[in-house]
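Listed below, chain by chain, are the residues.
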Amino acid sequence: MKSEPCRVNSFRLIVTGGGTGGHTYPALTAIRTLQNRLAAEGRALEVLWIGTADGLEARVAPAEGIAFATVATGKIRRSSNPLMMMSAANMRDMARVPLGVAQARKLVADFRPDVVLATGGYVAVPAGLAARMCRRPLVLHEQTVRLGLANRKLAGSATRIAVSSESTLPLLPEAVRGVAVVTGNPIRPEVLAGHPDKAVGALGLHGFDRRLPTVYVTGGAQGSQQINGVVRDALPWLLERANVVHQCGPDNVEELRQYAAALPAGLAGRYYLAGFVGAELPDVLALADVVVSRSGAGTLAELTALGKPAVFIPLASSAGNEQAHNARHLEGAGAAVALLGDVTADHLRDAIGPLLTDPALRETMAERARAHGRPDAADRLVDVLLSAASG
């Protein structure tokens, strides 16, 4: 992919990373923030996103008008058993990495970026290595408490390593701590601008009792069978004490709707079931007094920036058990409750009950969550990018 020669008044950025929203959306937020910062100075931003053809970034980047290119990648399937790491699938994928690096090196050499931003995911490795080969500044951004596999591989090549939590710093290899800076994890600015009354109007929550706290339950865009089952089993008890907005995932609506149809009329009005909550999410979060959810990095960034008490039910199969680590980290700070392992309705009742009945406890947890939040993370990351580019 051959690019036009660099314009004097433009800033050139390569972004690499993706596969999931956790790697993709922080990068997109950083791009938007950098674009706005440069526009205020009368400068343009030119971006090339290097990703995979089947990752989320392949849809997000073109939809945002961002030039997009793919390279060959090798996804390493992790296992505690070294012999399993030598599986045929891993061997095939590892053999693709040199081709990906060669492709990425050509893209970097042709585009001549001022800086390369890598946000994680296995696609980031070829472009990150190519940045080092082409002597372009490389900024890593890590969303989780511990460095992901891709960022661990690239840490020695990085100009700067932007991390989301102070607690990450002592976990870094000693050799790279000097280039690390805490920025937080960029979140979409609209998430911070919600209004509870708008959620009531948009979703028709007129059966809610506003004297009671509101719980927002989410298992992510596709929903979570585990969270859905636990909440279903606790639902009558829960609705006696709270209003509930439940994002259950598009494939799970019908089953839960049938269950909700048997609720007493007085309780049914306090339950709003949705397959997916889209544009209304900022307003739903503003309305929520407590959130029940997974504990991915993006969720943590949003809930701590907003200062929301949370009960986390981590995804057990997350890479490196990262969600459990995230949940324990906030629970240790008194900023959330973590439910690990085989979670039942009784566990949920024990965890959320005190939060529903004690506003002072909710406020204390909210303050501790807010202390971990960094609503200005995107601006901080842009500062790091501009600093790295200026050398």
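Note that this is a predicted model, so its numbers are computed, not measured.

Student: If you had to explain the pairing of strand β4 (residues 115–118) to someone new, which residues and values would you point to?
Tutor: Judged by which residues are buried, β4 turns out to be covered on both faces: Val-115 and Leu-117 on one side and Val-116 and Ala-118 on the other are all buried. One ladder, built from 4 bridges, connects strand β1 (residues 10–16) with β4; its direction is parallel. Bridging from a neighbouring strand, Val-15 pairs with Leu-117 of β4. In the sheet, β4 pairs with strand β5 (residues 138–142) via 3 bridges, with the strands oriented parallel. Paired with Leu-117 across the bridge in β5 is Val-139. Each parallel crossover has a hand, and for β4 linked through helix α5 (residues 124–133) to β5 it is right-handed.

Student: Give a description of unusual backbone geometry that names residues and reports values.
Tutor: Residues other than glycine predominantly adopt negative phi, and peptide bonds predominantly adopt the trans conformation. Not every positive phi belongs to a glycine, and Arg-112 is a case in point at roughly 50 degrees. Positionally, Arg-112 belongs in the loop between α4 (88–111) and β4. Its identity is not glycine, yet Arg-135 carries a phi of approximately 60 degrees, on the positive side. With respect to the helices, strands and loops of the structure, Arg-135 is situated in the loop between α5 and β5. The exposure class assigned to Arg-135 is exposed, which follows from its relative accessible area of 75%.

Student: How would you summarise the layout of surface pockets if you had to cite specific residues and measurements?
Tutor: Taken as a whole, the second largest pocket spans an internal volume of roughly 320 Å³. Ser-164, Ser-165, Leu-300, Thr-304 and His-372 are, among the 23 residues lining the second largest pocket, the residues nearest its centre. Contributions of two or more residues to the lining of the second largest pocket are made by α12 (297–306) and α13 (322–332). Tallying contributions element by element places α12 first for the lining of the second largest pocket, with 5 residues. In terms of residue class, the lining of the second largest pocket is built from 9 nonpolar, 12 polar and 2 charged.

Student: Run through the nonpolar core, naming residues and quoting values.
Tutor: Val-215, Tyr-271, Val-292, Val-311, Leu-348 and Ile-352 are the most contacted members of the largest nonpolar core, which totals 33 residues. In contact with Val-292, not counting residues within four places along its chain, are Val-215, Tyr-216, Val-217, Thr-218, Ile-227, Val-311, Ile-313, Leu-348 and Ile-352. By size, the runner-up hydrophobic cluster in this structure holds 32 residues, among which are Phe-111, Leu-129, Ala-158 and Ala-180.

Student: Break down the packing of helix α8 (residues 225–239) against helix α14 (residues 345–357) for me, citing the residues and quoting the values.
Tutor: Contact geometry of α8 with α14 gives a least axis separation of 9 Å together with a crossing angle of 45 degrees. One finds that α8 runs oblique with respect to α14. Relative to α14, α8 is oriented so that their crossing is right-handed. Here Val-230, Val-231, Asp-233, Ala-234, Trp-237 and Leu-238 of α8 come into contact with α14, specifically with Ala-345, Leu-348, Arg-349, Ile-352, Gly-353 and Leu-356. Of the residues belonging to the contact of α8 with α14, the class tally is 9 nonpolar, 1 polar and 2 charged.

Student: Can you explain the sheet that holds strand β12 (residues 310–312)? Please cite residues and give values.
Tutor: Within the open sheet, the 6 strands sit side by side as β10-β9-β8-β11-β12-β13. Their pairing is parallel. Of all the strands in the sheet, just β10 (271–274) and β13 (337–338) have a single pairing partner and so form its edges. By the bridge criterion, 3 bridges tie strand β11 (residues 290–293) to β12 in an arrangement that is parallel. Within β12, the position partnered with Ser-293 by the bridge is Phe-312. The strands touched by α14 within the sheet are β8 (214–218), β11, β12 and β13, with β11 carrying the most contacts at an inclination of about 165 degrees.

Student: Please set out the packing of aromatic side chains residue by residue, giving values where relevant.
Tutor: All told, the structure shown has 0 aromatic pairs when counted by the stated rule. When the ring centre of Phe-111 is taken as origin, the NZ or CZ atom of Arg-12, which lies over that ring, is 4.2 Å away.

Student: Can you break down the pattern of salt bridges residue by residue, with the values?
Tutor: Tallying each qualifying case throughout the model produces 17 salt bridges. For the salt bridge of Glu-46 with Arg-12, the shortest nitrogen-to-oxygen distance reads 2.6 Å. Remark: Arg-12 occurs in strand β1 and Glu-46 occurs in strand β2 (residues 44–51); sequence separation between them is 34 residues. Comparing Glu-46 with Arg-12, the two get one shared label, buried. Between Asp-197 and Arg-210 there is a salt bridge, with its nearest N and O atoms 3.4 Å apart. Highlighted residues: Asp-197 in helix α7 (residues 196–203) and Arg-210 in the loop between α7 and β8, separated in sequence by 13 residues. When salt bridges with common partners are traced through the structure, they connect Arg-37, Asp-379 and Asp-383 into a single cluster.

Student: Which residues make up the packing of α14 against helix α15 (residues 359–371), and what values go with them?
Tutor: Axis separation between α14 and α15 bottoms out at 5 Å; the angle between their running directions is 105 degrees. With respect to each other, α14 and α15 are oriented roughly perpendicular. The segment α14 lies against α15, with Pro-354, Leu-355, Leu-356 and Thr-357 engaging Pro-359, Leu-361, Arg-362 and Met-365.

Student: Just give me the short version of the environment of Val-191, but keep the residues and values in it.
Tutor: Looking at the secondary structure, you find Val-191 in the loop between β7 (180–182) and α7. Counting along the chain gives 59 residues from Val-191 to Pro-250, while the straight-line C-alpha distance between them is 22 Å. For Val-191, the residues in contact, after removing those within four places along its chain, are Pro-282, Leu-285, Glu-302 and Leu-306.

Basis of the calculations
Residues numbered from 1 in each chain as written. Predicted model: local features only at pLDDT ≥ 70, side-chain atom pairs only at ≥ 80, totals over all residues. Heavy atoms only, no water. Buried < 20%, exposed > 50% of the residue type's maximum accessible area, 1.4 Å probe, protein only. Helix = DSSP H or I, 4+ residues; strand = E, 2+ residues; numbered from the N terminus. Pairing = 2+ DSSP bridges. Right-handed = clockwise from strand over helix to strand, strands pointing away. 1 Å grid on protein atoms, 1.4 Å probe; cavity = no way out; pocket = protein on both sides within 12 Å on 5 of 7 lines; lining within 4 Å. Points joined across faces, edges and corners; volume = space filled by probe spheres on them. Nonpolar A, V, L, I, M, F, W, Y, C, P; charged D, E, K, R; others polar. Core = buried A, V, L, I, M, F, W, Y, C linked by side-chain atoms within 4.5 Å. Contact = heavy atoms within 4.5 Å. Axes fitted to C-alpha atoms, helices over the stretch in contact; angles between N-to-C directions. Parallel < 35°, antiparallel > 145°, perpendicular 65-115°, else oblique. Left-handed = near helix turned anticlockwise from the far one by under 90°. Phe/Tyr/Trp six-rings, centres within 6.5 Å; stacked < 30°, edge-to-face > 60°. Lys NZ or Arg CZ within 6 Å of the ring centre and 35° of its normal. Salt bridge = Lys/Arg side-chain N within 4 Å of Asp/Glu carboxyl O.

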